[in-house]
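# Commentary on secondary and tertiary structure
Each chain is listed here by its residues.
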Amino acid sequence: MKLNKILLIMSISTVLLQSQTYDIVIKNGRVMDPETGFDSVRNVGILGDRIVEISSKALSGAIVVNAKGLVVSPGFIDLHAHGQTNDAHKYQARDGVTTALEMEGGVAFYREWIESKKGNSIVNYGGTAPHGFLRATAMDSNLKIAKKMANKVKKDGYKEDGLLGKLFDESLASARYKLMSQKEIDRSHDMMDIYLNAGALGIGVPVGYYPGATAGEIFQVYEFAKSKDVPVYTHTRGFGLPGLQEAMADATTSGASVHLVHANSMSLGEIETTLSMVSSAQKLGLDITTEVYPYTAASTSIESTIFDEGWKEILNISYKDLQWEATGERLNSKTFYEYRKKGGIIIIHMMKPKWITQGVSHPVTIIASDGMPFAPGAHPRTAGTFSRILGKYVRKERAIDLMTALKKMTIMPAKRLEMTSPMMRNKGRLQVGA
Ligand SMILES: [Zn+2]
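Owing to the predicted nature of the structure, the values given are computational and were not obtained by experimental measurement.

Calculation rules
Residues numbered from 1 in each chain as written. Predicted model: local features only at pLDDT ≥ 70, side-chain atom pairs only at ≥ 80, totals over all residues. Heavy atoms only, no water. Helix = DSSP H or I, 4+ residues; strand = E, 2+ residues; numbered from the N terminus. Rg over C-alpha atoms; globule rule 2.2 N^0.38 Å. Buried < 20%, exposed > 50% of the residue type's maximum accessible area, 1.4 Å probe, protein only. Contact = heavy atoms within 4.5 Å. Areas by Shrake-Rupley, 256 points an atom, 1.4 Å probe, with all protein chains shown as cover. Lys, Arg positive; Asp, Glu negative; His and termini not counted. Charge placed at Lys NZ, Arg CZ, Asp CG, Glu CD. 1 Å grid on protein atoms, 1.4 Å probe; cavity = no way out; pocket = protein on both sides within 12 Å on 5 of 7 lines; lining within 4 Å. Points joined across faces, edges and corners; volume = space filled by probe spheres on them. Nonpolar A, V, L, I, M, F, W, Y, C, P; charged D, E, K, R; others polar. Donors = N, O, S within 2.8 Å, 3.2 Å for Na, K, Ca; no water. Axes fitted to C-alpha atoms, helices over the stretch in contact; angles between N-to-C directions. Parallel < 35°, antiparallel > 145°, perpendicular 65-115°, else oblique. Left-handed = near helix turned anticlockwise from the far one by under 90°. Pairing = 2+ DSSP bridges. Polar contact = N/O pair within 3.5 Å; in protein donor to acceptor, adjacent residues only side chain to side chain. Core = buried A, V, L, I, M, F, W, Y, C linked by side-chain atoms within 4.5 Å. Salt bridge = Lys/Arg side-chain N within 4 Å of Asp/Glu carboxyl O.

### Here we look at the overall build of the protein
Broken down by element type, the protein carries 17 helices and 17 strands. Over its C-alpha trace the protein gives a radius of gyration of 23 Å, about what one expects of a compact globule, namely 22 Å for 434 residues. With the principal axes as the frame, the protein shows a C-alpha extent of 85 × 45 × 45 Å. For the protein, buried positions account for 51% of its 434 residues. Taking contacts inside the protein between residues at least 6 apart in sequence as the whole, the part at least 24 apart equals 72%. For the protein, the exposed area adds up to about 19,900 Å²; of that, 56% sits on carbon and sulfur atoms. The positive charge centre, built from 52 side chains, and the negative charge centre, built from 44, are 5 Å apart in the protein.

As structure tokens, then:
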């Protein structure tokens, strides 16, 4: 009798399940889940923003997408996207990205920025507390200008473009070379605390852009990060191993988590050593992760400290290896100084294809674009990082298989983010409940 009842309940629930109409059904696609390794043709039923059923049975939905012959993958999560306008997001979305985060540099005026994005952004967004910006504004000499900027943002709200612009460049640029007093360091920590309370996902420490920060100042940032249980995302000091080793030593000795951004452009020819170190650290149980982008060219501001005296020797390149983003022209010894005075974005041809293949194919690397803000002549990584991984490194060169590539673009960045973003426990996966 009891058994019959259970069977009856079961059959009713089966009927309910069968007659369920989903908001969206993706049918006949090759469903790939990078967390479990699941890889089979299935139908996916979605209600609201959740996957409710993955089945080989036919499912009915208000919208039915036929994915026959296509792969159904979780949306890609980009940890390193400087483009944060919807213009940039449109390109990112076409590259498969559904979450684009500014973790390297961080976001100035985080609370106001979040307010400005709410309900407006076509992809998921977020970022870190911007250590470089905050250390500059925490200096005694800059307190006045910092207050002026804060009042402006409070009054006018956050503007996507030109918020900091000249005001910041002219008044705060010299901070890059300045030492901080302990009082100023403590003040910068109080500021970071405000950002973390506003929801920042960690601390962005692009110390490579402010050589004035001492090793001691940076170590204190790691200690602070540990005390708040948030990770550091860092563009390390200089180029090559010493800067990367500084970050790994700071993380190890403070107990903080660290993510080393663009291991390819930081390590140059020493990428295998960097990745071996990260791999060994992970085996020791340390929370140290890293990322690469799949291009041999870098991109940054020509006025940055990277182009201080000595750059040609350090990078083993010359003027002709620099390309002006706005026109695509290659520079020479005259235009280099003209543009450096003016300021703007350049593309830097400085890496070897072999280093990139080594980076992409290594098991520890996450794929992240380091995409630049939207501009017609921007570095192609801004719009094509994830497609290039699939087209060049999976299909053409067979450097990695498809599931491995998807892992690097979905579940690995999701896990990196879980510490400060609990919703990431359901993202980067193609499973019921995701
Ligand atoms: Zn960087």
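### Examining empty space enclosed by the protein
By the definition in use, this model includes 3 cavities of 30 Å³ or more. Of the pockets and cavities examined, the largest cavity occupies roughly 40 Å³. Taken together, Val207, Ile218, Tyr222, Thr234, Thr236, Gly243, Glu246, Ala247 and Asp250 make up the full set of residues lining the largest cavity. For the lining of the largest cavity, the secondary structure elements donating two or more residues are α8 (215–228) and α9 (241–254). No other element matches the 4 residues that α9 contributes to the lining of the largest cavity. Partitioning the lining of the largest cavity into residue classes produces 4 nonpolar, 3 polar and 2 charged.

### Focus on the coordination of the zinc ion
Only Glu104 (OE), His235 (ND1) and His262 (NE2) from the protein reach the zinc ion as donors, at distances of 1.7 to 2.4 Å. In primary sequence terms, the donor set of the zinc ion follows E-x130-H-x26-H. One end of the pair, His235, is in the loop between β11 (232–234) and α9; the other, His262, is in the loop between β12 (258–260) and α10 (263–267), and 27 residues separate them in sequence. You'll find His235 and His262 in the same group, each marked buried.

### Some thoughts on the packing of helix α11 (residues 271–283) against helix α14 (residues 353–361)
Packing of α11 against α14 leaves a shortest axis separation of 9 Å and a crossing angle of 15 degrees. As far as their axial angle goes, α14 and α11 are roughly parallel. α14 is crossed by α11, and the crossing has right-handed handedness. For the pair formed by α11 and α14, the contact residues are Ile271, Glu272 and Leu275 on the first element and Trp355, Gln358 and Gly359 on the second. Of the residues that constitute the contact of α11 with α14, the class distribution is 3 nonpolar, 2 polar and 1 charged.

### With respect to the sheet that holds strand β6 (residues 76–78)
Pairing is parallel in the open sheet, where 3 strands are placed in the order β6-β7-β8. Edge positions in the open sheet fall to β6 and β8 (124–127), since each of these has one partner strand only. Between one strand axis and the next, the sheet turns by 15 degrees as a mean value, whatever way the strands run.

### A short note on the side chain of Ser254
As for its position among the elements, Ser254 is in helix α9. A relative accessible area of 14% places Ser254 in the buried class. Side-chain polar atoms of Ser254 contact the backbone oxygen of Asp250, separated by 2.6 Å. There is a polar contact of 3.5 Å between the side chain of Ser254 and the backbone oxygen of Ala251. Leaving out residues up to four positions away in the same chain, Ser254 has contacts with Phe219, Tyr222, Glu223 and Lys226.

### Digging into the nonpolar core
Counting residues in hydrophobic clusters, the biggest one holds 106 residues, and the most contacted among them are Leu322 and Met409. Ignoring any residue separated from it by four or fewer positions in sequence, one finds Leu322 in contact with Phe307, Trp311, Ile317, Glu329, Arg330, Leu331, Phe336, Ile346, Ile347 and Ile348. In this structure, Ile26, Val31, Ile51 and Ala434 belong to the second largest nonpolar core, which totals 9 residues.

### Observations concerning the layout of surface pockets
As a volume, the second largest pocket reaches approximately 860 Å³. Lining the second largest pocket are 28 residues, with Asp49, Ile51, Gly75, Lys427 and Ala434 sitting closest to its centre. Listed by contribution, the elements that provide at least two residues to the lining of the second largest pocket are β1 (21–32), β2 (39–47), β3 (50–55), β4 (60–66), β5 (71–72) and β7 (97–102). Of the residues in the lining of the second largest pocket, the class split is 15 nonpolar, 9 polar and 4 charged.

### Some remarks on the pattern of salt bridges
Pairs can form between side chains of opposite charge once their charged atoms are near each other. Inspection of the entire model under this criterion finds 17 salt bridges. Measuring nitrogen to oxygen at the nearest pair gives 3.6 Å for the salt bridge that ties Asp321 to Lys320. Exposure remark for Asp321: the relative accessible area of 15% places this residue in the buried category. Using a relative accessible area of 52% as the deciding quantity, one classes Lys320 as exposed. Linking Lys334 and Glu338 is a salt bridge whose minimum nitrogen-to-oxygen distance equals 3.3 Å. Given a relative accessible area of 41%, Glu338 falls into the partly exposed group. Within this structure, Glu35, Lys415, Glu418 and Arg429 form a network of salt bridges that share partners.

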